[in-house]
Amino acid sequence: MTGESLAVLEKGLDAAEENNEPGELYDWQLPLAFMQKRHVERIKGLEVETEKWRMKERMKTVSVALVLCLNVGVDPPDIVKTQPCARLECWIDPLSQPAQKALESIGANLQRQYERWQARARYKLCLDPTVEEVKKLCTSLRRNAKEERVLFHYNGHGVPKPTVNGEIWVFNKSFTQYIPLSVYDLQQWMGTPSIYVYDCSCAGIIVDSFKQFAMQREQEMELASMNSRGTGNIFPQQSYKNCIQLASCAAKQILPMNPDLPADLFTSCLTTPIRIALRWFVLQDGRKLVPNITLDLIDKIPGQLNDRRTVLGELNWIFTAITDTIAWNTLPRELFQKLFRQDLVVASLFRNFLLAERIMRSYDCTPISSPKLPPTHQHPMWQAWDMALDICLSQLSGILNGAEIYRHSLFFAEQLTAFQVWLSHGSQMRSPPEQLPIVLQVLLSQVHRLRALELLGRFLDLGPWAVSLALSVGIFPYVLKLLQSSARELRPLLVFIWAKILAVDTTCQADLVKDNGHKYFLSVLSDSCMPAEHRTMAAFVLTMIVSSYPAGQEAVLQGNLISLCLEQLSDQHALLRQWLCICLGRIWYDCDMARGYGVRDNAHIKLNPLLTDEVPEVRAAAVYALGTFMSNTTDRTDHANAIDHGIAMQLINCIQDGSPLVRKELIVAYQGIVFQFENQFAVVAAQMLEEERLRDGSSISHSETGTLSPGRSGMRQAQSAASLQPSSSRANLLASATSSSASSSNNTTIPGSSHGSNFSSDGSLVDLGLRHAISSSAISPVGGLYGSVYANIWKALLSLVCDAYPEVTELATTLMNVIRQKAATCTLQRTRRRSAGCTLSAPGSPVSRMYAHSPPALLNSPPSVVESRAIFEIGEASPKNVGAMPTYAVHSTQFSRTRKMFDTGPDVIKEGMVTEDAHHVKKEPVIATDFVPWCCRYFSQSVMKVPDDHDLESDPHHQRQWRFDRNQAMRDRAQEQCRMASFLRLDDQLFINKNPNVPTCMKFHPFEPLICVADKDGVSTWNWEHGVKLNYFYNKNPKFSNISTLEIINGHDCSLLLTGTDDGAVRVWRNYYSESNLDLELVTAWQALSDMLPSSRAFGVRNTGSGMVSSWEQESRYLYVTGDVRVIRIWDTHQEQKAQDIPTQANSCITSLTCDSVNQSLIVAGCGDGLVRLYDRRLSPVDSLVLTLREHNGWVVKVHLQRHGDGKIISGSVSGDVRIWDPRFSESVMTIRAAHGLTAMDVHEYSDLMACGSVNQNISIYNLMGDCLSTVKYHDGFMGQRIGPISCLSFHPYKLTLAAGYTDYFVSLYSADKKR
């Protein structure tokens, strides 16, 4: 955070002390709930398509043909040379020695110049050749090169210009004639791929002819291919269009003849660029610092081209960086990759071709290339090259005289500074930085390496587009080679850079393993001195290395990665814990060896504490790791099964986790164990359904059953056997809900079933199985089959099928359908065998034999249950899959008493009963989440950028500042109004409108003119200043449940709406007040309370429960929930998990709840038995009840704890008595008699006002002295108010505005001042 931001916060703190009540937090200090990344963005992976930086195939120029047609001493007839004239060929004067010897020297020198670029190539000289010699040379090189590239260099300075027919000239054997050689034939001899260099006058003619002949060849090959389709002959396809050509000048241009330049100026630019660049620079008039440098001094520059510490070496390094930069900024990306990254020789030639274009254009020659390049001779980077030459040559005299030591160029330091300036203002909207290729060149220098890596990391942090640009320019081999460095100061930078690369492109894992790069990151992860942030990045890189890559898994296992991860699971850094878990999950995914190492190190035990971690992402990562641990074993043993069962039972507790991330990963984790033990789950499913059918009676018809679908109807109807409500109410509720769901089902009976099948026509599970006990008490070992691991997992999945979050429901439903289909298939097989009259054993009674060897638990089971179990088990080809559940089959007498549980047993297998489990067929997953790809997105996003809320110039910061200024202005106005509250009448009706249904509760937005009104199924949002309904949306709660509570979350900033229903579910909505439901978004949802009965409240009659009662505490981000349960549950919404359970120690439901948000200790609860109970959450649960107030004799409608003044407690009951309490005493200090039949009550937060509404159609406003300030009641007559019985009341948090909801669907607002 910047100093300016801190100053703003300090100013805010001062304002808070001046304007706010003691203990209240200023808006800047108030934390936000449900605004983490997991809440505001979709849980999806990165969807950025990276540029194709990796070449499909790397090529190498392996053969070079050097064809020189010089005919030394004889000038060609069509060229008139000037006197004096350029004579140097490969820096040799051909007239300085005998002709043949000069020719050989020139050829040898040309070969040496090319060998600088590719020393291992095969070079062949062809000096003043004939056509046959050229043919023989080209065909020989092509034959040896095979699929690699061949280079053909042609120097035609001693022969006539090329012809318009596409011919170049060679000689006859006696050198008496010039013989034409067709480019068409040359194409045939050279084949593809090839590169051609033409250094002669009018060379552009050759390029044009080559292209025409290439098109002609393609047409001929296409015609030949069409004619050969019937004969079966296949002609090889060669594309001559892709051959590369470099020509010295255009079709009508003559080569320059300046005597200060070599005759082969084009060849000199391509093969000796630094030497010719220096010579050309000296010949120019623009040099500033070196007026006295001569051409002779140029040849005396000390150093080697391949030694960057010398003068020549540094100039060559700078030249390479500049030409790369010009090409990357000018050429299309694909062309740049092809010409500058595919082949070392081609890259060098084209890099030097840019220099040739600049030099030769100054002499009215335009070099030609194919593919064609855009003009680059005036690129601004050439000025940087001129400056580097100028500074270098200015030191030359002193260096040669020994008077001074060479001072290295500041070129790279200055370019890094320019890159740094770009980074300070750069973004994706701007053009890419020109200096990026130079930054990569700097990585080769130890002097600038550290700074270059730092700037490169900042650039990659800008986003995936920056990573793609860096990869396209060629960063990969540089940073890969740097992993061999042992410098500790480079570790944080390299880890950061590789994390950025792998977050965008995961294909680099093979290169890292091949070069042992994974060892670098293993050393970083194991280094306890490294900051946790860098170890986190190392864990991420290792995760990417092992992801779906067996070679990577094997490599890191040799480095003991599992042990390294397990040792650091208790680290304080949450992101490190998260990625250690994900890394473990990726290591042992589909890798038995890794699982073995994990078992050896007790990995599953060490991961268990993270299932209750304070960070939801860490808990989800731990579930993911345990899930992959369970799902990758192919060889089932007793030990493996016992471990998997133990993990599965540990994971069951996660069904009550408050984060959908965790619950979704839980379902995917259970997928593995469901696939491993599919038969056992099918047995459990069939038996539970059968038992349900027998318990409910065989008279249930198929029209009364429902299919398993992603809904909640009919599933929470029997969630608890320990409910506070009478069993008769619950039975009636079950009956009504079952009949409602039955009306929409359409199932058919499977033929041959004697009792009617529990499966629909499509094999779906009937609703009977879902109505079986789905409660926390049901998931426990109860003996028999129902006490098995599989039964408990089945019940856990049933609970998740009716989850409040739709994505969780969808995943659970899909997984349950896998079990459903397996159970349906096996039940159908059983039915067919029964109908066919088949028996399991001819001599005796199979059923009696089975009972003789069955345990007591099965002897007490219904016959159909026992039969179904036997059929599932005896048909397995390999009893390995039975798991930990004992097998009691019809053939059990053939086994000895001491046999192993997983012995294969006798070869008695019923036909058609072999399952795919017997062959260890690995099933493809049917469900998956994007949790891990979403976690990877973190590293693809900017981590260095200042958050918008801390950036004082960002739009979000300005918007927040505006909102907070508005909030403070409203509080100031409301404070003035509240001082006059005791003298104002609150009876001016602002508006009255009809709600879609009976209002059950309502809530004002504290600072916007909005009020949210909830009914049974949905919420409507009204602009109460304009009297307009903005939106109505359905809450997606089951039909048998009602919305019973509303809370505005983050009301001071970006507000969210929390809804609670009487089935215990909580949902949080974003954009709830938008005029279109298209923007409505469910942020999160979870089961805040379990063991609740859905209730339907009748106003004035409190006999069915209070539903859910809640209280929101913004300062601590705690949500207090209770109701028709025996606990007050406190949820930490930041951690999204239960913080505390406080026993109510009451025999009735909680009807109203309030808490002390200042000291965050006192909780006040009104109860259905008329008592008001005070709890101190700082004490142990047993001792938390500190005071009971007993003066009410009826249902407590409302309790309120004052946040200002003396902190009095105000409570009102259905009997009409309102009492004011001092929490230090057990007797009330004041009693106010309101109307009998009180149905609703509310107390203003900051003024001494309270409103009481009754079933008698009136609302009374009192001050805390007991004075009735105003009354709103039903009036007959034309102008009278016709209000119905009051269903709910709500004060505005600050303004003197009261909202009332009535049982006749109407909502009205009253204010002390109608104009306001």
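Report follows, based on the coordinates. (Residues numbered from 1 in each chain as written. Predicted model: local features only at pLDDT ≥ 70, side-chain atom pairs only at ≥ 80, totals over all residues. Heavy atoms only, no water.)

With that out of the way, let us pick up the sheet that holds strand β32 (residues 1258-1263). Pairing between the strands of a sheet is mediated by backbone hydrogen bonds and can be parallel or antiparallel. Sheet architecture is open: 4 strands sit in the order β30-β31-β32-β33, paired in antiparallel fashion. This sheet does not close on itself; its edge strands, each paired only once, are β30 (1238-1243) and β33 (1268-1273). The sheet shows a mean angle of 15° between the axes of neighbouring strands, taken without regard to direction. Bridge count between strand β31 (residues 1249-1254) and β32: 5 bridges; the pairing is antiparallel. Paired with Met 1250 across the bridge in β32 is Tyr 1262. (Pairing = 2+ DSSP bridges. Helix = DSSP H or I, 4+ residues; strand = E, 2+ residues; numbered from the N terminus. Axes fitted to C-alpha atoms, helices over the stretch in contact; angles between N-to-C directions.)

Attention shifts here to the pattern of salt bridges. Counted by the stated rule, this structure contains 39 salt bridges. A salt bridge links Arg 341 to Asp 324; its shortest N-O distance comes to 3.2 Å. Of this pair, Arg 341 sits in the loop between α11 (333-340) and α12 (344-361) while Asp 324 is found in helix α10 (residues 311-330), placing the two residues 17 residues apart along the sequence. By relative accessible area, Arg 341 is classed as buried at 17%. Using a relative accessible area of 3% as the deciding quantity, one classes Asp 324 as buried. (Salt bridge = Lys/Arg side-chain N within 4 Å of Asp/Glu carboxyl O. Buried < 20%, exposed > 50% of the residue type's maximum accessible area, 1.4 Å probe, protein only.)

This part is about the environment of Pro 996. Mapping Pro 996 onto the fold places it in the loop between β9 (988-994) and β10 (1001-1004). Residue Pro 996 is classed as partly exposed on the basis of its relative accessible area, which comes to 36%. When the C-alpha atoms of Pro 996 and Asp 1015 are compared, they prove to be 7.8 Å apart, with 19 residues separating the residues in sequence. When neighbours within four sequence positions are excluded, Pro 996 is seen to be in contact with Asp 1015, Ser 1020, Lys 1029, Tyr 1032 and Tyr 1305. (Contact = heavy atoms within 4.5 Å.)

Counting buried positions over the 6 residues of strand β19 (residues 1118-1123) gives 6, a clear majority of the element. The two faces of β19 match: Tyr 1118, Tyr 1120 and Thr 1122 on one face and Leu 1119, Val 1121 and Gly 1123 on the other face are all buried. Two strands pair when backbone bridges link them, and strand β18 (residues 1108-1113) and β19 are joined in this way by 6 bridges, in the antiparallel orientation. Note that in β19 the partner of Met 1108 across the bridge is Gly 1123. As paired strands, β19 and strand β20 (residues 1127-1132) are joined by 4 bridges and run antiparallel to one another. Along β20, the bridge assignment pairs Val 1121 with Arg 1129. In this antiparallel pair of consecutive strands, β19 and β20, the connection spans 3 residues.

Here we take up the packing of aromatic side chains. Per the counting criterion, the structure on display carries 38 aromatic pairs. Taking 6.1 Å as the distance between ring centres and 25° as the angle between the ring planes, the aromatic pair formed by Tyr 196 and Tyr 198 counts as stacked. Take Tyr 196 and Tyr 198: they sit in the same class, and that class is buried. Summarising the aromatic geometry, the rings of Tyr 938 and Phe 939 are spaced 5.1 Å apart at their centres and angled 90° between planes, so their arrangement reads as edge-to-face. Overall, the relative accessible area of 4% leaves Phe 939 in the buried class. Through a chain of ring-to-ring contacts, the aromatic side chains of Phe 266, Phe 336, Phe 340, Phe 350 and Phe 353 assemble into a single cluster. One Lys or Arg, Arg 116, reaches over the ring of Trp 117 and ends 4.3 Å from the middle of that ring. Taking the ring centre of Trp 91 as reference, the NZ or CZ of Arg 275 above it sits at 4.2 Å. (Phe/Tyr/Trp six-rings, centres within 6.5 Å; stacked < 30°, edge-to-face > 60°. Lys NZ or Arg CZ within 6 Å of the ring centre and 35° of its normal.)

So, about a nonpolar patch on the surface. Among the surface-exposed residues, Tyr 938, Val 943 and Met 944 lie close enough to one another that they form a single nonpolar patch of about 240 Å² accessible area. Inspection of the secondary structure puts Tyr 938 in helix α40 (residues 931-940). (Patch = residues over 30% accessible without salt bridge, like charges linked within 9 Å, V, L, I, M, F, W, Y side chains within 5 Å. Areas by Shrake-Rupley, 256 points an atom, 1.4 Å probe, with all protein chains shown as cover.)

On to the pairing of strand β27 (residues 1209-1213). Along any regular strand, the residues point their side chains to alternate faces of the sheet. Counting buried positions over the 5 residues of β27 gives 5, a clear majority of the element. With burial as the criterion, each face of β27 is covered, one bearing Ile 1209, Ser 1211 and Ser 1213 and the other bearing Ile 1210 and Gly 1212. As consecutive antiparallel partners, β27 and strand β28 (residues 1217-1221) are separated by 3 residues, and within that stretch Gly 1216 has a phi angle of approximately 100°, a positive value.

A few words on the side chain of Arg 217. Within the secondary structure, Arg 217 is located in helix α6 (residues 204-227). Buried and unpaired, Arg 217 has Glu 220 as its nearest opposite-charge partner, separated by 5.2 Å. Here Gln 187 takes part through its side chain, which lies 3.0 Å from a polar atom of the side chain of Arg 217. Beyond its immediate chain neighbours, meaning those up to four positions away, Arg 217 contacts Tyr 184, Asp 185, Gln 187, Gln 188 and Tyr 240. (Lys, Arg positive; Asp, Glu negative; His and termini not counted. Polar contact = N/O pair within 3.5 Å; in protein donor to acceptor, adjacent residues only side chain to side chain.)

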